[in-house]
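# Observations on the model geometry
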Amino acid sequence: MINRVIWIVLDSVGMGALPDAEKYGDDGANTIGNVSKALGGLNLPNMEKLGLGNIDGMVGVNKTDRPTGCYGRFAEMSNGKDTTTGHWEMVGIYSEQAFPTYPNGFPKEIIDAFEKAVGRKVIGNKPASGTAIIEELGEEHIKTGSLIVYTSADSVFQIAAHEEVVPLKELYSICEKARNILVGEHAVARVIARPFIGEKGNFTRTPNRRDFSLVPPYNTVLDNLKSNNLNVMAVGKIEDIFSGKGITEAVHTKDNMDGVDKTLDYMKEDKQGLIFTNLVDFDMKWGHRNDVKAYGKGLEDFDARLPEIISAMKDTDILFITADHGCDPTTPGTDHTREYVPFLAYGKPLRQNVNLGTRNSFADMGQTVAEIFNVEKIRYGESFLKEILND
């Protein structure tokens, strides 16, 4: 019997280019493999014990003779390579069209409508690194109160503001107004509040980031769990990714280790249902900044906490570990990368050393969760529960 699934998403920890990666400019991307190669190896004994190195196509990680977990790699069926697309597909939403992106900045009609709605001017309006653009425009923002608006290769409308110039409550309200404007053909996946503090030469982004995502277009496994009076406990930016839809309670986090701590806190509560965690530092702090060394250390730091998570599991718990896309920090650009994602599952109710091979959709995970809890099936995906469940 399974009473609870602890589902942890290592944001951007991909494991090799998908067959169509060249179409996205990502041929040769391999987040885990290339990080390991650049650093001369990774020390990930706990994930290796579960079978990380035994996944088809995995490089840069050691195999083990007797994995204690179930393992496989998952291809993304949807068109795209961003956080929203990846997470939505996991729980049953297929995105046929990629969300709009703005390599030349946002059109005048959007900026004009935004300035009128929020009562502040815009500076920036271009693709940029979040740390670089606050260094470039932070002083002007402080002097004028104008909002720093920027984007990236992802489908995002990002608003940076100093917390002493634009209080958080106002910044979040501004983001909600932007979300209401960015609809139809300009329905970006996420509007993101990017608050920062400090002075010129020493600006620092704070943990008070908030994502204002599109509302999922139809019910997911999260909604189906919730409607069956099961708990859906969201850790990190999960609540934001789904605009709260299908979530019963949520907690935001400061960093990866805080995310692990908050996951453990929910595990102590012993509520039936799903704990759904996103650990964002791999993507936000290291992948997008091409910080290979920190990326590798982040993987090792998570791996070091894994025994703590496993020790806290009850006999009726199972653990899923996966990712939502790649963000290979060894590539010349700073964009996400179109990759397979690794998958590990572990728990007393599950068999050991089950190779799930290569799955065709992230939605297989969500369909499996639906079958575990005997709730309504989601629209996409094939459950693999029978393959991993003990007789």
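Because the structure is a prediction, the values reported are computed rather than measured.

Right, let's get into the pattern of salt bridges. Tallied over the full model, the rule gives 27 salt bridges. Here Asp261 ties to Arg305 by a salt bridge, and the two come within 2.7 Å at their closest N and O atoms. Of this pair, Asp261 sits in helix α9 (residues 256–269) while Arg305 sits in helix α11 (residues 292–312), and the two are 44 residues apart along the sequence. Classification of Asp261 by relative accessible area gives partly exposed; the value is 34%. For Arg305, a relative accessible area of 14% translates into the label buried. Ionic pairing is found between Glu371 and Lys386, a salt bridge with its closest N-O pair at 2.9 Å. With Glu371 in helix α12 (residues 363–372) and Lys386 in helix α13 (residues 385–388), this pair connects stretches of sequence that are 15 residues apart. The class of Glu371 is partly exposed, set by a relative accessible area of 32%. We classify Lys386 as exposed; its relative accessible area is 65%. Through salt bridges that share partners, Asp20, Glu76 and Arg338 make up one connected network.

Under the local residue numbering, the UniProt record ascribes the feature "binding site: Mn(2+) 1" (unreviewed entry) to Asp11, Asp324 and His325. These residues run over 315 residues, yet every pair of their C-alpha atoms falls within 7.2 Å of each other. As for its position among the elements, Asp324 is in the loop between β12 (317–322) and β13 (341–346). A relative accessible area of 0% places Asp324 in the buried class. Sequence-distant contacts of Asp324, defined by excluding residues within four places in its chain, comprise Val9, Leu10, Asp11, Ser12, Glu76, Asp82, Thr83, Gly86, His87, Met90, Val341 and Phe362. Of note is the side chain of Asp324, whose polar atom sits 2.9 Å from the backbone nitrogen of Ser12. Among the structural elements, His325 can be located in the loop between β12 and β13.

Let's shift gears to the packing of aromatic side chains. The geometry of an aromatic ring pair is captured by two quantities: the separation of the ring centres and the angle between the planes. All chains considered together, the criterion is met by 17 aromatic pairs. Aromatic side chains Phe106 and Phe157 sit 4.6 Å apart centroid to centroid with 55 degrees between the ring planes, which places their arrangement in the tilted category. Separated by 51 residues along the polypeptide, Phe106 in the loop between α3 (83–90) and α4 (108–118) and Phe157 in strand β5 (residues 156–162) bring together distant segments of the chain. Each of the two residues, Phe106 as well as Phe157, counts as buried. For the pair Phe242 and Phe276, a centre-to-centre distance of 6.3 Å together with 35 degrees between the ring planes defines the contact as tilted. With Phe242 in the loop between α8 (238–241) and β10 (249–251) and Phe276 in strand β11 (residues 273–279), this pair connects stretches of sequence that are 34 residues apart.

What follows deals with the packing of α4 against helix α6 (residues 168–181). At their nearest, the axes of α4 and α6 sit 10 Å apart, and the two run at 140 degrees to each other. Between α4 and α6, the angle is such that the two are oblique. α6 is crossed by α4, and the crossing has right-handed handedness. Across from Ile110, Ala113, Phe114, Ala117 and Val118 in α4, the residues of α6 making contact are Ile174, Lys177, Ala178 and Ile181. Looking at side-chain class alone, the contact of α4 with α6 contains eight nonpolar, no polar and one charged residues.

A separate point is unusual backbone geometry. Negative phi is the rule for most residues except glycine; trans is the rule for most peptide bonds. Even without glycine at this site, Ser12 takes up a positive phi of about 90 degrees. Mapping Ser12 onto the fold places it in the loop between β1 (4–10) and α1 (31–39). Overall, Ser12 belongs to the buried group, its relative accessible area being 0%.

Moving on, we come to the environment of Val91. Summarising the element assignment, Val91 is placed in the loop between α3 and α4. As for Val91 and Arg379, which are separated by 288 residues in sequence, their C-alpha atoms are 9.3 Å apart. In contact with Val91, other than residues within four places in its own chain, are Trp7, Thr220, Val221, Leu222, Phe242, Phe276 and Ile378.

Spatial ordering of the open sheet is given by β10-β9-β11-β1-β12-β13-β2-β14, a layout of eight strands whose pairing is mixed. Each edge of the open sheet carries a strand with a single partner, namely β10 and β14 (354–359). Between one strand and the next, the sheet's axes are offset by a mean angle of 15 degrees, whatever the strand orientation. Note that β1 and β12 share six bridges and pair parallel. Directly across from Val5, in β12, lies its bridge partner Ile318. In this fold α9 packs onto β1, β9 (231–235), β10 and β11, with an angle of close to 170 degrees to the strand it touches most, β11.

What counts, and where the lines are drawn
- Residues numbered from 1 in each chain as written.
- Predicted model: local features only at pLDDT ≥ 70, side-chain atom pairs only at ≥ 80, totals over all residues.
- Heavy atoms only, no water.
- Salt bridge = Lys/Arg side-chain N within 4 Å of Asp/Glu carboxyl O.
- Helix = DSSP H or I, 4+ residues; strand = E, 2+ residues; numbered from the N terminus.
- Buried < 20%, exposed > 50% of the residue type's maximum accessible area, 1.4 Å probe, protein only.
- UniProt positions renumbered as here; feature names shortened; annotations may be inferred.
- Contact = heavy atoms within 4.5 Å.
- Polar contact = N/O pair within 3.5 Å; in protein donor to acceptor, adjacent residues only side chain to side chain.
- Phe/Tyr/Trp six-rings, centres within 6.5 Å; stacked < 30°, edge-to-face > 60°.
- Axes fitted to C-alpha atoms, helices over the stretch in contact; angles between N-to-C directions.
- Parallel < 35°, antiparallel > 145°, perpendicular 65-115°, else oblique.
- Left-handed = near helix turned anticlockwise from the far one by under 90°.
- Nonpolar A, V, L, I, M, F, W, Y, C, P; charged D, E, K, R; others polar.
- Pairing = 2+ DSSP bridges.

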